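Chain by chain, the residues:
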Amino acid sequence: MIFSLFNQMAAESGPSIHVAPDAVFRIGDIGITNSILYGWIVSAVIIALLIWAARRITVKPRRGPLQLVEVGVDFISNLVVNAFEDKKVGRKYVPYFVTLFFFILLNTWFGLLPVVGEGFKSGETPLFRPFTGDLNSTFAMAIITMIVVYVASVKESGGIRKYIRHFFVGSPKNPLYFVIGLLEMFTDLTRVISLALRLFLNVAIGEMVIAVFAYLGSFAAPVTALPFMLIEFGVGALQSYIFVILGIMYLAIAVNHSQAHDAEHADHEDLTEDARPETIGASSAQSTRG
Amino acid sequence: MNFAEAIDLTIVGKGLMVGLGFIGPAIGIGLIGGSYLKAVGRNPEAAKFFGQALVFVAIVELFGLLAFASTFIVK
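Owing to the predicted nature of the structure, the values given are computational and were not obtained by experimental measurement. (Residues numbered from 1 in each chain as written. Chains lettered and ligands numbered in written order. Predicted model: local features only at pLDDT ≥ 70, side-chain atom pairs only at ≥ 80, totals over all residues.)

1. Quick look at the overall build of chain B
Counting its regular elements, chain B contains four helices and zero strands. Written out in order from the N terminus, the α and β elements of chain B read α-α-α-α. At 19 Å, chain B has a C-alpha radius of gyration far larger than the 11 Å of a compact globule built from 75 residues. Along the first, second and third principal axes, the C-alpha atoms of chain B reach 65 × 20 × 5 Å. (Helix = DSSP H or I, 4+ residues; strand = E, 2+ residues; numbered from the N terminus. Rg over C-alpha atoms; globule rule 2.2 N^0.38 Å.)

2. Comments concerning the overall build of chain A
Along its length, chain A carries nine helices and four strands. Seen in sequence order, chain A has helices and strands lined up from the N terminus as β-β-α-α-α-α-β-β-α-α-α-α-α. Buried positions account for 34% of the 290 residues belonging to chain A. Long-range contacts, defined as pairs at least 24 residues apart, comprise 68% of the intrachain contacts of chain A with a sequence gap of at least 6. (Buried ≥ 20, exposed ≤ 12 C-beta atoms within 10 Å, placed from the backbone. Contact = placed C-beta atoms within 7 Å.)

3. Quick notes on the pairing of strand 2 (residues 30–33) of chain A
All names here are of chain A. Where strand 1 (residues 23–27) meets strand 2, four bridges bridge the pair, whose relative direction is antiparallel. Along strand 2, the bridge assignment pairs Phe 25 with Ile 32. Two successive antiparallel strands, strand 1 and strand 2, enclose a turn made up of two residues, where Gly 28 displays a positive phi of approximately 65°. (Pairing = 2+ DSSP bridges.)

4. Thoughts on the confidence of the model for chain A
In regions of low pLDDT, the predicted coordinates are not meant to be interpreted in detail. All names here are of chain A. Across chain A, the average pLDDT comes to 79, with 80% of residues at 70 or higher. By mean pLDDT, helix 9 (residues 282–285) is the weakest element of chain A at 47, and helix 4 (residues 94–110) is the strongest at 93. Overall, residues 1–11 carries pLDDT values under 50, and its contacts beyond four positions in sequence, including any with other chains, amount to 38 contacts. A low-confidence stretch, residues 281–290 (pLDDT under 50), is modelled with 21 contacts involving residues beyond four sequence positions or located in other chains. (pLDDT = per-residue confidence, 0-100.)

5. Overview of the packing of helix 1 (residues 34–56) of chain A against helix 4 of chain A
Residue and element names in this part refer to chain A. Taken N-terminus to C-terminus, the directions of helix 1 and helix 4 make an angle of 125°; their axes are 10 Å apart at the nearest point. Between helix 1 and helix 4, the angle falls in the class oblique. Here helix 1 runs over helix 4; the crossing is right-handed. Across the interface between the two elements, Gly 39, Val 42, Ile 46 and Leu 50 of helix 1 pack against Phe 102, Phe 103, Leu 106, Asn 107 and Phe 110 of helix 4. (Axes fitted to C-alpha atoms, helices over the stretch in contact; angles between N-to-C directions. Parallel < 35°, antiparallel > 145°, perpendicular 65-115°, else oblique. Left-handed = near helix turned anticlockwise from the far one by under 90°.)

6. Some remarks on the packing of helix 5 (residues 135–157) of chain A against helix 7 (residues 175–216) of chain A
Residues and elements named next belong to chain A. Look at helix 5 against helix 7: their axes get within 8 Å of each other, and the N-to-C directions meet at 140°. Relative to helix 7, helix 5 is oriented oblique. Like other packed secondary-structure pairs, helix 5 and helix 7 cross with a definite hand, here right-handed. From helix 5, Leu 135, Thr 138, Phe 139, Ala 142, Ile 143, Thr 145 and Met 146 reach across to helix 7, where they touch Arg 191, Val 192, Leu 195, Ala 196, Leu 199 and Phe 200. Of the residues in the contact of helix 5 with helix 7, the class split is ten nonpolar, two polar and one charged. (Nonpolar A, V, L, I, M, F, W, Y, C, P; charged D, E, K, R; others polar.)

7. Overview of the confidence of the model for chain B
Residues and elements named next belong to chain B. On average, residues of chain B carry a pLDDT of 88, and 93% of them reach 70 or more. Per-element confidence in chain B is highest for helix 3 (residues 23–42), whose mean pLDDT is 95, and lowest for helix 1 (residues 3–6), whose mean pLDDT is 66. Model confidence for the complex: the whole-complex pTM is 0.81, and ipTM, which rates the interface, is 0.83.

8. Details of helix 5 of chain A
Counting along an α-helix, one turn takes 3.6 residues, and residues three or four places apart therefore face a common direction. Residue and element names in this part refer to chain A. Taking 1.5 Å per residue as the helical rise, helix 5 with its 23 residues ought to reach 33 Å, and the 32 Å between its terminal C-alpha atoms agrees with that figure. All buried positions along helix 5 are accounted for by Ser 137, Thr 138, Met 141, Ala 142, Thr 145, Val 149, Ser 153, Glu 156 and Ser 157. With its phi angle positive at about 90°, Gly 158 sits one or two positions after the end of helix 5. (Expected span 1.5 Å × (residues − 1).)

9. Let's talk about the nonpolar core
All names here are of chain A. In this structure, Phe 97, Val 244 and Ile 248 are the most contacted members of the largest nonpolar core, which totals 48 residues. Sort the elements by how many residues they give to this core and helix 8 (residues 221–264) lands first, with 13 residues. In this view, Ile 248 contacts Leu 79, Val 80, Ala 83 and Phe 97; residues no more than four positions away in its chain are not counted. Of all hydrophobic cores here, the second largest spans seven residues; its members include Phe 213, Ala 214, Ala 221 and Ala 225. (Core = buried A, V, L, I, M, F, W, Y, C linked by C-beta atoms within 7 Å.)

Put into structure tokens, the structure is as follows:
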């Protein structure tokens, strides 16, 4: 990422584009890359900010910058609670999704500061890079989110066998439904990759666009790259919202499915019934507010 | 010089992949926007589904970005 107010003629031969992060220093045998370093810095800022906000929250809202934190927490909390039919289940998972939202949002926004990129170098690699602009980081976040979703789905379904049973519409002995069930399980695994790639690609391509436009306007780089930086603020907010709401939808499908199933089959375990496949339905549609 | 040797087909392939790969998502996002506006025009209460429309935009956009990402896989 080349947008740096300190080093205007940074690129001699072309826009400098980094896709893979470079190690800045090594601890023992592990190289700490510039994105990990920046992730630590931003995490420290987030922890300090949210602990400070939590101490000063009052029951009756007061004016001030604290309202921004309240807006964010309220927005995601409503999404999570409204996605589940049973509100108590929803409230258990609010802290994770709110934290995830703030983490992705602030990491992406902090990646647009002029400090990031070619301005500050350690050796010859940039010192800071946005944490979400690194495929390793987003893959880790996607894996952890899907682990939370799987563990929560198994817990709410009441056992692994019942959870796997929900992939199969109708009887698993029917070969067509068996194949459909296997495909559903495979789709579940591709969700990890799609979550990771979506976030990484949006942030990395945004970086590249800013780099290209800062290179094109060589002495007027701040002016030519500014509109794209503003677009990247919007893209960062949108992508963090989408990551969180997709995680909520994956969790809500499994949990609501299990509760509807339990209500239907409370009396008998009828595996040969021809059930209608449950779709996402209206419960997720109502979870958004204008 | 042999015509086939003068052109680096890898770069042509990558260019075609990225260029053609973004046609689909662009049309898809345009359709989503059009449907959203039609729905709002018919029934102004449908404006509360703006968040859902953006979710679908992101899902569609992923495939365009995958086309770009595969340029790093093709040697």
